[in-house]
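Okay, here's what each chain looks like letter by letter:
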Amino acid sequence: MGMGSKAVQSRGRWAFGFLLAFLAAIYISPGEWIPGLARFRPALLLSALSTGLMLIGRVGRREKLWVDGQRGVLLLTFSGLVLASLSWSLHLDATEFAAVELLKWVLVYLTLVNLVTTERRLLWACLALIVGSIFTSRGVIAWHQAGVDLVEGYRARWVGVYADPNRMAMSVGIIVPLAVAFLVRKQSAWLVRLTCGLAAALAVTAMVLSYSRGGFLGLVAAAGTWVLLERNLARTLVVVVAAGAMLMLSPESFWNRTRTVGTYEEDASAMSRVGAWTVASRVSVEHPLLGVGAGTFPYAWRLYGPPSESRVYAAHNVFLQVISDLGFVGLGLFLAFIGAALGPLWTLARDRERGWLVRALAAAVVGHLVSCLFAGFLVAVHFYVLFGLAACADRLARAAGVTGRGKAPQSGQPSCS
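Residues numbered from 1 in each chain as written. Predicted model: local features only at pLDDT ≥ 70, side-chain atom pairs only at ≥ 80, totals over all residues. Heavy atoms only, no water.

(A) Highlighting the packing of aromatic side chains. As enumerated under the stated definition, the model contains 14 aromatic pairs in all. Ring plane angle 10° and centroid distance 6.2 Å describe the contact between Tyr 27 and Tyr 162, whose orientation is recorded as stacked. In this pair, Tyr 27 sits in helix H1 (residues 2-28) while Tyr 162 sits in the loop between helix H6 (119-146) and helix H7 (165-173), placing the two residues 135 residues apart along the sequence. The residues Tyr 27 and Tyr 162 share a single accessibility class, namely buried. On the basis of an interplanar angle of 65° and a centroid distance of 6.4 Å, the ring pair of Phe 297 and Trp 301 is categorised as edge-to-face. Placement of both Phe 297 and Trp 301 in helix H14 (residues 297-304) is noted, with a separation of 4 residues, approximately one turn of the helix. (Phe/Tyr/Trp six-rings, centres within 6.5 Å; stacked < 30°, edge-to-face > 60°. Helix = DSSP H or I, 4+ residues; strand = E, 2+ residues; numbered from the N terminus. Buried < 20%, exposed > 50% of the residue type's maximum accessible area, 1.4 Å probe, protein only.)

Put into structure tokens, the structure is as follows:
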């Protein structure tokens with residue numbers, strides 16, 4: 001019995017270790033730039049190993065899989081709607097792809113909420129993302145310096161999913177409030193603070209070089225949310241100093257493009273978004289309840305887009321994409337899931353002693369949602385990882401409050417036990 005218990009615990013540690021490697025890998029993207037690794041699909045392999053060992057461990061302990069209560073039920077119901085949309089899809093292959101991708105990220109979400117069972121594990125999960133983001137940001141900066149494959153001749157990007165400057169900016173933007181929270185926390189070890197400061201600086205630099213207006217607005221929203229929740233003068237000054245440095249060091253061309261948000265009628269890129277939003281509204285008028293099938297917006301464009309426009313655009317807004325693909329039923333489920341994740345964070349953030357990471361996660365969620373208004377992706381792994389971490393923070397904070405374990409870890413180098 002003792003040997004069996006040790007084996008189960010060992011599998012649990014290995015499962016969490018593979019989860020950490022996966023979280024770092026979604027930013028490092030090793031299969032995209034290390035020769036010979038692409039065929040092994042490292043991120044998918046790591047997530048499969050983590051999920052598989054987690055399930056074996058649950059069976060070994062004779063425990064049920066935790067589906068995360070109401071949040072999990074809403075997410076699973078939404079996923080069921082995506083799968084069901086195969087029966088009315090405008091383009092079957094596109095919906096099949098969306099359904100498979102969403103299934104993978106829902107499994108990642110469930111793996112997170114079943115393995116991140118201590119505050120120390122939550123810290124390690126956030127740090128894995130932060131460390132991994134250094135590779136993405138550094139890759140973007142290096143490509144910009146070398147003039148490699150710039151979009152429109154000046155917008156930096158990187159490999160894989162980060163080949164889209166907007167998607168890259170909103171993905172690395174997630175880690176900025178998390179990294180800053182570790183940086184200003186006195187209990188963090190000096191190496192952790194140094195790493196997080198570097199990650200935050202590189203992430204902001206990469207976002208500037210992407211010239212992503214949606215990413216910039218998301219960063220502003222995240223910073224504002226964090227300041228609002230922290231209500232700490234010293235930490236507000238940190239954001240003010242960082243904003244000042246960004247203002248002085250960013251090229252004039254960045255601010256020139258950002259200012260076009262106020263004069264979008266004169267900007268072709270901005271007007272393409274308006275066109276995409278118009279198409280989404282037309283689809284929703286004809287298919288208000290269930291849409292035209294998950295992942296089919298590009299094909300709906302050909303039917304509902306302007307005849308004079310030959311180019312097909314993405315929805316450029318995750319909420320309008322959901323309306324177009326899955327109707328108002330899908331949108332209702334999607335918004336309910338978001339509310340079930342973000343609402344509790346807002347309440348738990350009031351805890352001055354334990355809420356430091358909750359406040360950072362809330363800021364990351366708000367910033368990411370703002371970015372999703374301009375470049376959202378329904379089946380993006382970063383979205384479900386972020387919301388999975390938010391769910392873990394909620395569950396752990398509530399459990400600590402019930403049991404009376406009121407003190408957070410006092411070390412910046414938490415144990416993975």
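(B) Looking closely at the nonpolar core. Within the largest apolar cluster, 119 residues are counted, with the highest numbers of intra-cluster contacts made by Phe 22, Phe 78, Phe 182, Phe 334, Leu 357 and Val 385. If you tally residues by element for this core, the top one is helix H15 (residues 318-348), at 15 residues. Residues within four places of Val 385 in sequence aside, it is in contact with Phe 22, Leu 23, Ile 26, Val 108, Leu 112 and Leu 129. Ranked by size, the runner-up nonpolar core spans 11 residues in total, among them Ala 276, Val 283, Phe 297 and Trp 301. (Core = buried A, V, L, I, M, F, W, Y, C linked by side-chain atoms within 4.5 Å. Contact = heavy atoms within 4.5 Å.)

(C) Main features of the packing of helix H10 (residues 213-230) against helix H16 (residues 356-375). As a packed pair, H10 and H16 sit with axes 7 Å apart at the nearest point and diverge in direction by 150°. Considering the angle they form, H10 stands roughly antiparallel to H16. Helix-helix and strand crossings are classified by hand; for H10 and H16 the assignment is right-handed. Contacts between H10 and H16 involve Gly 214, Gly 215, Leu 217, Gly 218, Ala 221, Ala 222, Thr 225, Trp 226, Leu 229 and Glu 230 from the former and Trp 356, Arg 359, Ala 360, Ala 362, Ala 363, Val 366, Gly 367, Val 370, Ser 371 and Phe 374 from the latter. Taken together, the residues of the contact of H10 with H16 sort by class into 12 nonpolar, 6 polar and 2 charged. (Axes fitted to C-alpha atoms, helices over the stretch in contact; angles between N-to-C directions. Parallel < 35°, antiparallel > 145°, perpendicular 65-115°, else oblique. Left-handed = near helix turned anticlockwise from the far one by under 90°. Nonpolar A, V, L, I, M, F, W, Y, C, P; charged D, E, K, R; others polar.)

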